[in-house]
Every structure is written in structure tokens, then in C-alpha cells.
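Here is how the chains run, residue by residue.
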Amino acid sequence: MKGLRFLIRCLIVVAIVVILDQVCHFAMDTIRKKALLAKPDNYEMTSYYGVEMATEDLLVLGPSTATHHYIPSVLQDSLHMSARNVGKDGAFLYCQICQLSLILERYVPKLVIWDLSDDCLSHNLDWGDFLEIRDFWPYPLNDFSKAILKEIGPAEQAALHSWLYRYNSKLPEYLFAFVSGRNSFRGYVPLPADAQYAAGIGTAKAAENLHPLKVELFEKVLSYARDKGCQVVLVTSPRLADDDVQQSEQYRKLCEITERLGIPYFNYHKDPRFFGNLSLFRDADHLNENGAALFTHSVIQDIRREI
Amino acid sequence: MVFNSFIFWIFFAAIILPYYTVFRGKANWQNGWLLLASWFFYGYANWKMIPLLLIATGVFYWLGIQIERHSESEPKRASLLSTLGVIIGIGILFYFKYLGFLVEEFAALLEKMGCIDSKPALRIVMPVGISFFTFKLIGYTIDIHLGKIKAERDALAFGTFVSFFPTILSGPIDRPGEFLPQLKEGRSIDYDNLAEGLRRFVWGLFLKVCIADRITSYPNAVFGNVSYHNTTSIILAAVLYAVEMYADFAGYSEMAIGVSRMLGLKIRENFRRPVFAQNVSEYWRRWHMSLTTWITDYVFMPLNIAFRDWGKWGLYLATSINIILIGLWHGANWTFLFFGIYHSILLILVAATEKGRKAFEKKHRLKGRWFYVTPRRILTFILVSVGLVIFRAKGLSDLGAIISQCGKGFGPVFTNGLLEIGTLGLLSAVILFLKEWKDENQWNIHFLHSEHAWIRILSMAVMIAFIIFAGQWHGGAFIYFQF
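Overview of the structure. (Residues numbered from 1 in each chain as written. Chains lettered and ligands numbered in written order. Predicted model: local features only at pLDDT ≥ 70, side-chain atom pairs only at ≥ 80, totals over all residues.)

## Considering the overall build of chain B
Helices and strands together make up the secondary structure of chain B, namely 19 helices and zero strands. In chain B, which comprises 483 residues, the proportion classed as buried is 41%. In chain B, once contacts between residues fewer than 6 apart in sequence are set aside, the share between residues at least 24 apart is 75%. (Helix = DSSP H or I, 4+ residues; strand = E, 2+ residues; numbered from the N terminus. Buried ≥ 20, exposed ≤ 12 C-beta atoms within 10 Å, placed from the backbone. Contact = placed C-beta atoms within 7 Å.)

Right under this line is the structure:
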């Protein structure tokens, strides 16, 4: 009798959690949509903007190098297309693949400038990438996110059955968007040119081994974009640090894929206009606002020439 | 395998099901099952350390029986064997925890003096949980020698006591006299125990994933790059680190107590609302109680008796040795020594002023008055937080950098998005504070322990939902795993 009572009480607890789970889905979805409408330029909301609201002809996609290096107003004026930067700090290849696939499910931009590191296909898994990808868990899972989820592990797969988990940690992000002053310029966040940090300048050896799932999904999403009629341009931003990535297997693979699929790829990693020029950098990996202006113009010239 | 991981829950489900079905009520089978589970759990952390655990268990099992056998016929031999047990226990600790550090420090000294060209590296991998199970074993031999307990002849029960998986990695440090008798009886499912265990586990999970793992990013960011931060940010980081430390360790202890309770076993409490301590002495009676009572029973009391002829100076000396040992128990680092010295100074101050303070309280009827109690609690919290900054520093140079940076003055507080990340952690910390406040004042308001079933059920469901929603599920290991 006592056992049955205990069991019933456990079941009631589970039932209440399930109800709260559904309430959470409804409430959080509403809050995010309202936050996006209220503050579409909020820095924290850029990845959601891309998936839910963007209608621009040109989108800039990528990690922090995208956020801080591409000025949408300059792109718009020069290329005569409405432009928007939907890059996000810390969002690496898996995030970008997920984001692009979700964007393409809703609408097809004419041009996507995809900023990626030239060692993006390496086997080094960044846990930060898995954390950032959580931005996309509230959306319906597609083939790309399912494949990434499989790699993360069965615990994560099981946990995603819960909306409470899908929205885990997201409430402050959504709420702060209403009040936060961290606005961007259509997704672009300039870095001040008043200080430089020389940290990280030096040589870094690149990882040699390829990550098969990254290669597979990268190719797949590029083909998906092409089939949808979206022109993708790949760009590697300038860096202050020297390394041997361009001798690596993952770089050769990246070039081979872009060549095979006919996708323009502009690599500024060691571009002499930037390489070693401290006045254009905020830190080893990021251009300051002066560097970003010069870089955006350079990318525009290359796009005009190639496309 | 940490308590807040999916894999642990699967492991625990696999343990508890046969425990209460196939092995129900059969003490030997249940102990054997727990022992196997504990070895698996320990080996999952580092299987290479299993032999050490097995050898230590075997040696102390034999020692216990020998001490008891000779205690009446040959008390000197029994005493010798007991001392041998203490030496072996301390020897294990010394080899794995302190030898590498001492060799390195000595070599660094020789290097500075120009006696050697380069420091030799001595790499000794420290087994996880070593400080906890060696203390259990040392306490076991002393208790037998003192006649407090009988030597355990049931190898399965003894092995389970040493390796019991909820406590082996980070305590609480069980006493054989309390734990071993519980293993004598077969355990059947007790729904009150199960429900209480679940409540304790869920509360511990809340402390760990909603508070400790949430707010850890701030102290990590500040203390990790201390040269970029001002005094304001360092103070905030120190306060948050104190909260993190409590939530992390108390969270682990709560989960360990919960898991044990679900298995029908009661283990020691480890914390009693230390944030409400009114002085540092009271703080140590509320913080990591299983360690402080262990040190008090096996170190402080004998020392206090040995030094009793020296009056209050004897007490101060015994207190200092006691607290410095607690500091050094955490590991081999100068910062742990300074942590102990810092607390010994505070404890001596508390002891030295006790008489006058009590007279003052009596004269002005201050005892229990909020305007007297609250500032004392705040002051204690500040003092403890300062101690934890010493505790957290990676070494003396790190500690020096923090102190020198504090001298550079106040300024705008560092946020950089971290406060947004930590908001849920701060909200959870407020929930913790209110709960502790309620318990401290013994207010008759209960949620998880309400007398009404519907409040208990609703509280549990809301708690679980909140943990899933607000918990940091990709946090690090427990801080005390490193000790």
C-alpha cells in the first residue's frame, strides 16, 4: 500500500514536470519572439534574428570574426543588396552549419558570406561550440542538428525531449535583450582601435587530422545552399598569428571541397595588407574598427571580381 | 562519474534495482553488491588506482583484527600495530599528496643555490578521494585501539565501509562505529527513506548545477586573469567564490547523503548553514563537519590533553595545529599552509576574546538580537571569504598577484556578459539563502518537507523543473575531488 502510494506520488511529480515543460515551451517561445521584435539589433539575439526574422539579400555568417569584421552598411551600399550580419561570438563550424540550414529552411538569401577559420575542419572539438549550438535547440531539429546531436552523445539526445532543457539557460539572455544596451549595427559589433593586445602573436601549429562529420556536414550544407539557389562565398579573416594551417590536411580538404563545388573562397589569413599590422588588430584574431572597414572593402572587391 | 551526470543516474538505477529486489533483506549479498558497485565507481574515475584501494583495505582489515586480538593480552603490541596503522595511512597520504611537492620545492631551493642545473620532475598521480578513505582507515584503527569499536571480521562489510561509492570521492568521512553496524542488517525498501533520499539528492543537485556551476564563471574569469581586474571585481569574485564553494561541496554532500539514504544507510551530515556562523570558531563547527569532528576527535583532543598544563597557551597551540592540519589536509601547497595559519590566527582571536565578549553580551543583553548578530555574521562571512581567496590561489605568486592587484584601488565592476550568465545562479543563491534563513530561525514553513503531501509533491516537481531549466549541465567536476 505504501509502495503504491509512493509510486502514485512519483507519477504525479512526473506529470507536473511534463505540464511545466509545455508551459515553458509556450512562455519562452513568446518571450524570445517579443524580445526579437523589441530589440532586433541586440547583440545577444543575432543568431535568433538570422533564423527567425532575417529577410535580407545578403547575410554574413560565422563566429566572432564575422561579428567584428563585416560592416553591413558598407556591404549594402557597395553591393546594392540589403545586408545583415548574423555572426555570433564563439559559434564555430557546427553552429554555423546548424544556423545556415535553419535559415535556408525559412528563406533563401541571395548571397551568404560565410566567415570560417581555415582549420575549421580539424578534429579539435571545442566544447564552446556545443554550448553555443544550444541557441538552436528550441527550433525543430533537422538532419544537420540531428547529426551533430548524435556526436554530442545520447544523454544530450535524451535531454532534448524536454523543452525545459531545450531552453536551459536562455531566460536571462531573452530578458536582458529587452533592457540591455549592447546593440549592434545590424549585427556588426565594432572593436575599438584604442588598444591592442599582443597576446597570441606567435606561431601555432595546426591540428593535422580531419573531422569526418564536420567534412560531411560542411559539404552537405554547401550543396543544400546551392540546390536552394543561394550563392555562398567563403572567407577566412586575417589573423595576426602565424601558423602552419595552410600546410595542413584540413586546409587542403577545405580547398578541395570549395573547388569541387565551385564555391568562391577568399583566404585573407596571411594577406600582406593585414598580416603583422598591429594598428588594424584588437587582438591576435580580431580586427579593430579600422581593420574591419579595410577588410570589408577588400571582401567587396573580391566578390565583385569573382561573382 | 559525477552525481550530476546522466551516466551516474543509469549506474545508480542499475545498482538499486537488484539491491531491493534480488538481494532484498540479505545483508551479505547487499554488501557484496555495494562493494562491487563501489569498486566499479572508483575504477571509473581511475582504474589504475584500484590496487591501492584493495591493498589498503586488506592491510587495514588485517590490522584491525590484530589490534583487537592483542589489545588485552599484549597491549603494547596492539598499541604498536595501531601506530603502524596511523603511519601507513599517513604514509599513503604523504607519498601521493606531499612527496612530489616537497621534492620539487627542495630541488627548486637547490637550483637557486646553484647546486643543480635543472629541477627533476617527480610525477606522482594522486588517487582521487585518497584523503577521505585514508582518514576513514586511520580512524578505524584508532577506534579499535581505544576500544570504541570491535574489529570488523566481515570482509564484505569492511570493504563496503572503506569504498562506499557515495562517499569515497569527497566524503563525508564516515565513522566505523556509526556506519558498520548498519551493514549488519539486511535492508528492505523503505519508502520514507527513499523519499527523503530523493529530496536530499534533488536539493544537492540544485546547489551544484544551479548555483556552483552557474556562478563559477565569474571567479574563474577574475582570478584567472587577475592583473586585468580592480579591487571591486576581486571582492565580488571572492564573495561569489565563497558561495560557489559552499554550494559545490554542500551540494556534493547532500547528494551523497541522499544516495546513501536511498540505499537505506545513514551517513554523517557535513554542513549546518555555515553562512550564519557568528564567528570563525562557529563557522568551523558548521563547515565540513565530518572532517572537523574527525580532526577534533583524533588530533585536537589528544593535543589539548597533552598541552593542558600550559593553560590557555596550550589551547591556542592545539587549536593552531588542528586548523593548520585541516589546511594541509587539502593538499601540498604553501597557500593551504597560509590558509591554516590565517584561520588559526582568527580562531585564537575568537578564543582570546570569548570571555570578554560573553560578559559584554550578557551585560547589554545582546544575545540573539538581530542588530548584534547580523554584523557579526557579515564580518565572519567576509573573513571566511578572504580565507577562501588564499585557499583558491594556485601558489604564492598567484596570491601575491591578487594582493597587489587589490592595492590598485576600486573601479567599475567587471561584467562582460558574465552577470547575464550568472543571473540564474544568483537567483538560485537567493533561494538557498532564504531556505537557510528559514531553517536557521526554525520557522515552521516547509516545502520539500511539508506535512502536506500536495505541497511536497508540487515543490518537488517545481524544483526538478527549475533544475532542468536553470542548471548548468556542462559544468566541471566537484571542487573537492582534487583533495
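## Considering the interface of chain A and chain B
How big an interface is tends to be reported as the loss of accessible area on association of its parts. Of the residues lining the interface, 22 residues belong to chain A; the matching set on chain B comes to 19 residues. Elements supplying a minimum of two residues to the side of chain A that touches chain B: α1 (2-38), α9 (163-166) and α10 (170-179) of chain A. For the side of chain A that touches chain B, the element with the most residues is α1 of chain A, which contributes ten residues. Its residues assigned to classes, the side of chain A that touches chain B shows 15 nonpolar, four polar and three charged. (Nonpolar A, V, L, I, M, F, W, Y, C, P; charged D, E, K, R; others polar.)

## Here's the deal with the sheet that holds strand β1 (residues 58-61) of chain A
Hydrogen bonds between backbone atoms are what pair the strands of a sheet, whose relative direction is either parallel or antiparallel. All names here are of chain A. The parallel open sheet is built from five strands, whose spatial order is β2-β1-β3-β5-β7. Every interior strand has two partners, whereas the edge strands, β2 (83-85) and β7 (265-267), have only one. Between one strand axis and the next, the sheet turns by 15° as a mean value, whatever way the strands run. Pairing between strand β5 (residues 231-236) and β7: three bridges, direction parallel. In the strand pairing of β7, Leu 234 is matched with Tyr 265. (Pairing = 2+ DSSP bridges. Axes fitted to C-alpha atoms, helices over the stretch in contact; angles between N-to-C directions.)

## What to know about the nonpolar core
Residues Leu 164 of chain A together with Ile 211 and Ile 467 of chain B are the most contacted members of the largest nonpolar core, which totals 128 residues. Looking at this core element by element, the count peaks at 18 residues for helix α11 (residues 231-262) of chain B. Setting aside residues up to four positions removed in sequence, Ile 467 of chain B forms contacts with Leu 205, Phe 206, Val 209 and Cys 210 of chain B. Membership of the second largest hydrophobic core comes to 63 residues, among which are Leu 116, Leu 222, Phe 281 and Val 299 of chain A. (Core = buried A, V, L, I, M, F, W, Y, C linked by C-beta atoms within 7 Å.)

## Some details on the packing of helix α5 (residues 93-106) of chain A against helix α11 (residues 212-228) of chain A
Residues and elements named next belong to chain A. Orientation of α5 relative to α11, taken along the N-to-C sense of each, is 25°, at an axis distance of 10 Å. As the angle between them shows, α5 and α11 are arranged roughly parallel. With respect to the hand of their crossing, α5 and α11 are arranged in left-handed fashion. Contact residues: α5 offers Leu 93, Ile 97, Leu 100, Ser 101 and Leu 104, while α11 offers Lys 214, Leu 217, Phe 218, Val 221, Tyr 224, Ala 225 and Lys 228. The residue makeup of the contact of α5 with α11, split by class, is nine nonpolar, one polar and two charged. (Parallel < 35°, antiparallel > 145°, perpendicular 65-115°, else oblique. Left-handed = near helix turned anticlockwise from the far one by under 90°.)

## Notes on helix α15 (residues 334-364) of chain B
One full turn of an α-helix is made of 3.6 residues, so residues set three or four places apart face in the same direction. All names here are of chain B. Here α15 contains 31 residues, and its C-alpha end-to-end distance of 43 Å stays within 8% of the 45 Å for a straight helix at 1.5 Å per residue. Of all the bends found along α15, the most pronounced is centred on Glu 354 and spans about 55°. The elements touched by buried residues of α15 are α12 (280-286), α14 (312-329), α16 (370-392) and α17 (396-406). Positive backbone phi, approximately 50°, marks Arg 365, located one or two places after α15. (Expected span 1.5 Å × (residues − 1). Bend = angle between axes of the 7 residues up to and from the residue.)

## Considering the pairing of strand β3 (residues 111-115) of chain A
A regular strand places its side chains so that they alternate between the two faces of the sheet. Residues and elements named next belong to chain A. Counting buried positions along β3 gives four out of five residues, so the element sits mostly inside the fold. Note that β1 and β3 share four bridges and pair parallel. In the sheet register, Val 60 faces β3, and the bridge partner there is Ile 113.

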